[in-house]
Every structure is written in structure tokens, then in C-alpha cells.
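Listed here are the chains, written in short residue letters.
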Amino acid sequence: MILSSGVDVRKLVRRVRSWSDYAWYLAVREWPLLVVALGVLLGAVVVLPVAVGSCWR
């Protein structure tokens, strides 16, 4: 099936599906790294405002 813009829907669905499969593969394989990155991000969100706030007093 081809849309009016000339895009083949089957190709588009296949491309989205392959990207989704690859993203899940990475997430399942690298979940410990994702957890560590999330912890670092949350730590920065908590610590940085406190550090900046104490400088302004």
C-alpha cells in the first residue's frame, strides 16, 4: 500500500518494527547501565540545587 505522499506503508511499518526490536534488545541487554544512569541523573537533580542554593546564602 502506498500513501498519497509516495510512502510505502509496509516499508514504514517494517522500519518502525525493526527500530522497536533493536531498542528492546538494547534495553534488555543494558538495563544495569540504564539503572546506573538514572541514579546518577536523580542524584544530580537532588544534589545540584542544594549545592547551588548553599552558595547563594
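Details of the structure are given in the entry above.
Report follows, based on the coordinates. Owing to the predicted nature of the structure, the values given are computational and were not obtained by experimental measurement. (Residues numbered from 1 in each chain as written. Predicted model: local features only at pLDDT ≥ 70, side-chain atom pairs only at ≥ 80, totals over all residues. Heavy atoms only, no water.)

**What to know about the overall build of the chain**
Move 1: Within the chain, the regular secondary structure consists of 2 helices and 0 strands.
Move 2: Considering the chain as a whole, with its 57 residues, one finds that 0% of them fall into the buried category.
Move 3: A total accessible area of about 5600 Å² is found for the chain, and carbon and sulfur atoms account for 73% of it. (Helix = DSSP H or I, 4+ residues; strand = E, 2+ residues; numbered from the N terminus. Buried < 20%, exposed > 50% of the residue type's maximum accessible area, 1.4 Å probe, protein only. Areas by Shrake-Rupley, 256 points an atom, 1.4 Å probe, with all protein chains shown as cover.)

**A word on the pattern of salt bridges**
Move 1: Going through the model one piece at a time under the given rule, you end up with 1 salt bridge.
Move 2: In this structure, Asp21 and Arg17 form a salt bridge, with 3.4 Å as the shortest nitrogen-oxygen distance. Of the two residues, Asp21 and Arg17 are both situated in helix 1 (residues 9-29); the distance of 4 residues between them amounts to about one turn of the helix.
Move 3: Judged by relative accessible area, Asp21 falls into the partly exposed class, the value being 41%. (Salt bridge = Lys/Arg side-chain N within 4 Å of Asp/Glu carboxyl O.)

**Some words on a positive patch on the surface**
Move 1: Together, Arg10, Lys11, Arg14 and Arg15 make up a positively charged patch on the protein surface.
Move 2: The residue Arg10 is located in helix 1 in this model. (Patch = residues over 30% accessible without salt bridge, like charges linked within 9 Å, V, L, I, M, F, W, Y side chains within 5 Å. Lys, Arg positive; Asp, Glu negative; His and termini not counted. Charge placed at Lys NZ, Arg CZ, Asp CG, Glu CD.)

**Digging into a nonpolar patch on the surface**
Move 1: The grouping of Leu38, Leu41, Leu42 and Val45 at the surface amounts to a nonpolar patch, some 390 Å² of accessible area in total.
Move 2: Inspection of the secondary structure puts Val45 in helix 2 (residues 31-55).

**Some thoughts on the packing of aromatic side chains**
Move 1: With the rule as written, the count across this model stands at 1 aromatic pair.
Move 2: Relative to Tyr25, the ring of Tyr22 lies with its centre 6.4 Å away and its plane at 25°, an arrangement referred to as stacked. One end of the pair, Tyr22, and the other, Tyr25, are both in helix 1, 3 residues apart, so they sit about a helical turn from each other.
Move 3: Look at Tyr25 and you get partly exposed, because its relative accessible area is 46%. (Phe/Tyr/Trp six-rings, centres within 6.5 Å; stacked < 30°, edge-to-face > 60°.)

**Looking at helix 1**
Move 1: With 21 residues, helix 1 ought to run about 30 Å at 1.5 Å a step, and its terminal C-alpha atoms sit 30 Å apart, in line with that.
Move 2: One side-chain oxygen of the residue at the start of helix 1 lies 3.3 Å from the amide nitrogen of Arg10, identifying that residue as Asp8. (Expected span 1.5 Å × (residues − 1). Polar contact = N/O pair within 3.5 Å; in protein donor to acceptor, adjacent residues only side chain to side chain.)

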